[in-house]
Amino acid sequence: MNLRPLFPACALLLSGCATIVGTETQPVKIDSLPQGARFTVQDETGRAVAQGYTPQTVELAKSTGNYFGKKHYQVMLESPGYVPLTLPIEASANLWYVLGNIPLLGFPGWLLVDPFYGGMYDLKPEHPQPKLNVVGARG
């Protein structure tokens, strides 16, 4: 029995749109006003995944690899003479995941393939650029 005609159908059913067009990581440009602040990026476990001085682009994973395991990050900025600042970077479902699976009959991509893969998420904000406040300044 020749099973070759079934390969395209299997590939279609075992793939998700976000998995096909997305990536597991995303570049995020860490910046600040004024520039030159020291930053540390921590993931949801509290582990430091990136460090440096602004401005710098870091590559961050979008998924934990678990079922619907989107990543959460905290960016901590500090600079002498300025109030330290912490801001979140969150992963959220992108349009490739939400709408892109419809032509592929949806459910395999929505529930079986894409939830394990970071391609279904986008990290926001992509370019955080907070303004650091001077110590002792009045708002």
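What this report covers is the structure whose coordinates are included nearby.

Criteria and cut-off values
- Counting of residues starts from 1 at the beginning of each chain's written sequence and follows it residue by residue.
- Local features in a predicted model are, by the rule used here, given only for residues with pLDDT of at least 70; side-chain atom pairs are given and counted only at 80 or more, and totals for whole chains, interfaces and linings are based on all residues.
- Neither water nor hydrogens contribute to the side-chain values; these are computed over all heavy atoms in the structure.
- Note on conventions: DSSP H or I runs of at least 4 residues are helices, E runs of at least 2 residues are strands, and numbering of each starts at the N terminus.
- Throughout this description, buried means an accessible area under 20% of the type-specific maximum (1.4 Å probe, protein chains only), exposed means over 50%, and partly exposed covers the range between.
- The contact criterion used is simple: two residues touch if any of their non-hydrogen atoms lie within 4.5 Å.
- Pairing between strands requires that DSSP locate at least two bridges from one strand to the other.
- Any pair of nitrogen or oxygen atoms within 3.5 Å is treated as a polar contact; in protein, a donor-acceptor pairing is required on top of that, and neighbouring residues in sequence qualify only through side-chain atoms on both sides.
- Aromatic pairing here means that ring centres of Phe, Tyr or Trp (its six-membered ring) are within 6.5 Å. Orientation follows from the plane angle: under 30 degrees is stacked, over 60 is edge-to-face, and everything else is tilted.
- We call a charge positioned over a ring when the NZ of a Lys or the CZ of an Arg lies within 6 Å of the ring centre and within 35 degrees of the ring normal.
- To get an axis, a line is fitted to the C-alpha atoms, and for a helix only the part in contact is used. The angle between two axes follows their N-to-C directions and goes from 0 to 180 degrees.

## Description of the overall build of the chain
Line of reasoning, step 1. Looking only at helices and strands, the chain has four helices and seven strands in total.
Line of reasoning, step 2. Along the chain, helices (α) and strands (β) appear in the sequence α-α-β-β-β-β-β-β-α-α-β when read from the amino end.
Line of reasoning, step 3. Put simply, the chain has 139 residues, and 37% of those count as buried.
Line of reasoning, step 4. By sequence separation, contacts in the chain at least 24 residues apart represent 71% of the contacts at least 6 residues apart.

## Focus on the pairing of strand β6 (residues 85-93)
Line of reasoning, step 1. Taken together, the six bridges between strand β5 (residues 72-78) and β6 define a ladder with antiparallel strand orientation. Opposite Y73, over in β6, you have I89 as the bridge partner.
Line of reasoning, step 2. From the end of β5 to the start of β6, which pair antiparallel, there are six residues, and G81 there has a positive phi angle of about 90 degrees.
Line of reasoning, step 3. Strand direction decides the pairing type here: β6 and strand β7 (residues 121-124), joined by four bridges, are antiparallel. Following the sheet pairing, A93 is matched in β7 by Y121.

## Section: the side chain of Q26
Line of reasoning, step 1. Mapped onto the elements of the fold, Q26 is located in strand β1 (residues 25-30).
Line of reasoning, step 2. Owing to a relative accessible area of 8%, Q26 belongs among the buried residues under this scheme.
Line of reasoning, step 3. A polar contact of 2.8 Å, which involves the side chain of Q26, links it to the backbone nitrogen of L123.

## Describing the packing of aromatic side chains
Line of reasoning, step 1. As enumerated under the stated definition, the model contains zero aromatic pairs in all.
Line of reasoning, step 2. In this arrangement the basic side chain of R38 is found over the ring face of Y53, its NZ or CZ atom lying 5.4 Å from the centre.

## Some thoughts on unusual backbone geometry
Line of reasoning, step 1. At the junction of L33 and P34, the peptide bond is cis and its omega measures out at 0 degrees in the coordinates.
Line of reasoning, step 2. Tracing the chain through its elements places P34 in the loop between β1 and β2 (38-42).

## Here we look at the sheet that holds β6
Line of reasoning, step 1. If you trace the five strands from one edge of the open sheet to the other, you get β3-β2-β5-β6-β7, paired in antiparallel fashion. For this open sheet the edge positions go to β3 (48-53) and β7, each flanked by a neighbour on one side alone. Strand-to-strand twist across the sheet, computed as the mean angle between neighbouring axes with direction ignored, equals 20 degrees.
Line of reasoning, step 2. With five bridges connecting them, β2 and β5 associate as antiparallel partners. Bridging from a neighbouring strand, V41 pairs with V75 of β5.

## Some remarks on the environment of A48
Line of reasoning, step 1. Checked against the element boundaries, A48 lands in strand β3.
Line of reasoning, step 2. For the pair A48 and V75, spaced 27 residues apart in sequence, the C-alpha separation works out to 9.6 Å.
Line of reasoning, step 3. Contacts of A48, omitting those with residues within four sequence positions, involve T40, V41 and Q42.

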